[in-house]
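Given next are the chains, with one letter for each unit.
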Amino acid sequence: MTYPLAPVSLTIPPATRERLAKLLGEYRRKPDALLTALYLVQADCNHLSDPVLTEFAAIMEMPKSVIYEVATFYSLYQTRPQGRNIIMVCQNLCCFLRGVDELVEAFARELGIRPGETTPDGKFTLRPVECLAACERAPAIQINEKLMGPISPADVPRILAEYR
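Bear in mind the structure is a predicted one, so any value in this text is a computation, not a measurement.

Participant: For the sheet that holds strand β1 (residues 85-90), give the residues involved together with the corresponding values.
Facilitator: Read from one edge of the open sheet, 4 strands run β2-β1-β3-β4, paired in mixed fashion. The open sheet is flanked by β2 (124-129) and β4 (146-148), the only strands paired with a single partner. Shown here is a sheet whose adjacent strand axes are inclined to one another by a mean of 20 degrees, direction ignored. The sheet contact formed by β1 and strand β3 (residues 141-143) spans 3 bridges and is antiparallel. Residue V89 lies in a different strand from β3, and its bridge partner there is I141. Its contacts with the sheet put helix α6 (residues 100-111) on β1, β2 and β3, and the angle it makes with β1 is roughly 155 degrees. Relative to β4, helix α7 (residues 156-163) is tilted by about 170 degrees, and along the sheet it contacts β1, β2, β3 and β4.

Below you can see the structure in the form of structure tokens.
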């Protein structure tokens, strides 16, 4: 995915449709490309809204219910608008033991949102995730594509200033 995320789009842009057609041409069957195709569409539309899922289902020649099941099963996909910068905070055991709860509280307090929410200005989404595979850096966060750790609550204002 390209970060920062694209602004919200309720239709699949023509350029995305072209990239999607090229991607689908690389597979024998359209359903085989489903996960990659959803990721591509989400990157260009910000999230997988109901209108986008309807349009995507028609392109894929698949029932919308199947598309929706996949989009809501995997945490990779989002059906609500996302901030331009995604703050993922690891919730796994190593991070938990090293104080991730205080870190989440610091981000939430600084941003004025709760975990899982997006700031009113659309700049940040605070997303707890199961694992960032960075136990040696616990507690770890990832903002967009940048993995960081260990992070303390005192680091939060400085980190956010880099993305404001």
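From this point, the narrative continues.
Participant: Describe in detail unusual backbone geometry, supporting the description with residues and values.
Facilitator: A cis geometry characterises the amide bond from A138 onward to P139, with omega recorded as -10 degrees. Here the amide bond leading from G149 into P150 is cis, since omega sits at -5 degrees, within 30 degrees of zero. Of note, E61 is a non-glycine position whose phi angle comes to about 55 degrees, a positive value. One can find E61 in the loop between α3 (50-60) and α4 (64-73).

Participant: Summarise α6; cite the residues concerned and give the values.
Facilitator: Taking 1.5 Å of rise per residue, 12 residues should cover 16 Å, and α6 covers 16 Å from first to last C-alpha, within 8% of that figure. Among the residues of α6, those classed as buried are V100, L103, V104, A106, F107, A108 and L111. Downstream of α6 by a residue or two, G112 has a phi angle that is positive, lying close to 75 degrees.

Participant: Quick one: what's the story with the side chain of S49, residue by residue and with numbers?
Facilitator: Within the secondary structure layout, S49 lies in the loop between α2 (34-45) and α3. The residues touching S49, leaving out its near neighbours within four places in the chain, are S9, L10 and T79.

Participant: Describe the nonpolar core, naming the residues involved and giving the relevant values.
Facilitator: If you look at the biggest cluster of nonpolar residues, it comprises 29 residues, and the most contacted ones within it are I87, F107 and I141. Elements with a minimum of two residues in this core: β1, α6, β2, β3 and α7. A per-element tally of this core places α6 first, with 7 residues. If we ignore the near neighbours within four places in the chain, the residues touching I141 are M88, V89, L103, F107, L132, K146, L147, M148, I151 and I159.

Participant: So what's going on with the packing of aromatic side chains? Residues and values would help.
Facilitator: Applying the stated rule across the entire model yields 2 aromatic pairs. Their ring planes at 90 degrees and their centres at 4.9 Å tell us that F73 and Y74 sit as a pair that is edge-to-face. According to the relative accessible area criterion, Y74 is partly exposed, its value standing at 37%. Here Y74 and Y77 contribute two aromatic rings whose centre-to-centre distance is 6.3 Å and whose plane-to-plane angle is 85 degrees, an arrangement assigned as edge-to-face. On the basis of relative accessible area, Y77 is assigned to the buried category, the value being 5%. Ring pairing ties together the aromatic residues F73, Y74 and Y77, which thus form one cluster.

Procedures and definitions
Along each chain, residues carry numbers from 1 onward, in the same order as the chain's sequence is written. Confidence filtering applies because this is a predicted model: local features only for residues at pLDDT of at least 70, side-chain atom pairs given and counted only at 80 or more, and all residues used for totals across whole chains, interfaces and linings. Hydrogen atoms and water are omitted, and side-chain values are computed over all heavy atoms in the structure. Each pair of strands is called paired provided DSSP finds at least two bridges between the two strands. Working definition: helices are DSSP H or I runs of at least four residues, strands are E runs of at least two. Numbering for both runs from the N terminus. As a rule, the C-alpha atoms of each element are fitted with a line to give its axis, helices using only the stretch in contact, and angles between N-to-C directions run from 0 to 180 degrees. Note on contacts: a residue pair is in contact if any heavy atoms of the two residues lie within 4.5 Å. A helix's residues, less one, multiplied by 1.5 Å, set its expected span. Think of it in three bands: residues with accessible area under 20% of the maximum for their type are buried, residues over 50% are exposed, and the middle band is partly exposed, with areas taken using a 1.4 Å probe on protein chains only. What is meant by a nonpolar core is a set of buried Ala, Val, Leu, Ile, Met, Phe, Trp, Tyr and Cys residues, joined one to another through side-chain atoms within 4.5 Å. Between 30 and 60 degrees the pair is tilted, below 30 it is stacked and above 60 it is edge-to-face, where a pair is any two Phe, Tyr or Trp rings, Trp via its six-membered ring, whose centres lie within 6.5 Å.

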